[in-house]
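Structural characterization, general
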Amino acid sequence: MAELKSMLNELEERMDKTVDFMKDEFATIRAGRANPHVLDRLTVDYYGTPTPLQQVGNISVPEARMILIQPWDKSLLKAIEKAIQVSDLGINPTNDGTSIRLVFPELTEERRKMLVKDIKKKGEAAKIAVRNIRRDGADNFKKLEKAAEITEDDLAVGNDKLQKLTDKAVEKIDKAVEAKNKEIMTV
């Protein structure tokens, strides 16, 4: 039974990581307002090393729809500008010689609906990942029962607890999807 508990803890941890990964992906989705997290995946060539944008300058949000990037080394302005242009942000940076401004245009209704679809897809992918974790766990429980390491009752209890963990993770995913959709659709 102790082995069953440790397996359940491991499965719960994997499900939580899946939910956290999805939430991190949601943070990088542009929602009309300036959010510095949209720059999380961008790297700049800093003396031959790809370096995250946050580590080469100060990133601030002076206005609701603007991000200001002030690199500590002014020679990086061109590299930062290029990194933003080749990214999938869809924003043209403005370089004034000391800093870079990113102005986020208002999202159109059509773009909002596309983002909502994308969010739902990411949510479904996370649910599928959670269900795959549940299936792996159930298979492992069956193997333990066949090897006579746990009883049939332990197997039933384990599967029941595993289903509850799955339901809890799916509920977290649904809430995160709903919250992000609400954020996107709020004008």
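Each chain has its residues counted from 1, following the order in which its sequence is written. Local features in a predicted model are, by the rule used here, given only for residues with pLDDT of at least 70; side-chain atom pairs are given and counted only at 80 or more, and totals for whole chains, interfaces and linings are based on all residues. With hydrogens and water set aside, each side-chain value is computed from the structure's full complement of heavy atoms.

Looking at an unreviewed UniProt entry, one finds the protein chain named Ribosome-recycling factor and attributed to Moryella indoligenes. UniProt positions are given in the numbering used here, feature names are shortened, and annotations may be inferred rather than shown by experiment. Entered under Subcellular location (unreviewed entry) in the UniProt record, the comment concerning the protein chain runs "Cytoplasm". Quoted verbatim from the Sequence similarities (unreviewed entry) heading of the UniProt record, the comment on the protein chain is "Belongs to the RRF family."

Attention now goes to the side chain of Arg112. Within the element layout of this structure, Arg112 appears in helix α3 (residues 109–146). Within 3.5 Å is the distance limit for a polar contact, defined as a pair of N or O atoms, with the added protein rule that one can donate a hydrogen and the other accept it, and that residues adjacent in sequence qualify only through two side-chain atoms. Engagement of the side chain of Arg112 in a polar contact is seen with the backbone oxygen of Ile184, the distance being 2.4 Å. Only DSSP runs of H or I with at least four residues qualify as helices, and only runs of E with at least two residues qualify as strands; both kinds are numbered from the N terminus onward.

On to unusual backbone geometry, then. One non-glycine residue, Tyr47, adopts positive backbone phi at about 50°. Note that Tyr47 resides in the loop between β1 (43–46) and β2 (49–52).

Here a salt bridge means any side-chain nitrogen of Lys or Arg lying within 4 Å of a carboxyl oxygen belonging to Asp or Glu. Following the criterion strictly, the structure yields 14 salt bridges and no others. Residue Glu12 is joined to Lys168 by a salt bridge in which the shortest nitrogen-to-oxygen separation is 3.1 Å. Residue Glu12 is found in helix α1 (residues 2–27), and its partner Lys168 is found in helix α4 (residues 152–185); the two are separated by 156 residues along the sequence. For the salt bridge of Asp118 with Lys122, the shortest nitrogen-to-oxygen distance reads 4.0 Å. Of this pair, Asp118 and Lys122 are both found in helix α3, four residues apart, which corresponds to roughly one turn of the helix.

What follows covers the packing of α3 against α4. When two helices pack together, their arrangement is captured by the angle between the axes and the distance separating the axes. Orientation of α3 relative to α4, taken along the N-to-C sense of each, is 170°, at an axis distance of 10 Å. As judged from the angle between their axes, α3 and α4 are roughly antiparallel. By residue class, the composition of the contact of α3 with α4 is 15 nonpolar, seven polar and ten charged. Between the N-to-C directions of two axes lies an angle of 0 to 180 degrees, each axis being a line fitted to C-alpha atoms and, for a helix, fitted only over the stretch in contact. For classification purposes, an angle smaller than 35 degrees is called roughly parallel, one larger than 145 roughly antiparallel, one from 65 to 115 roughly perpendicular, and anything else oblique. Gly counts as polar in this scheme, as do all residues outside two lists: the nonpolar Ala, Val, Leu, Ile, Met, Phe, Trp, Tyr, Cys and Pro, and the charged Asp, Glu, Lys and Arg.

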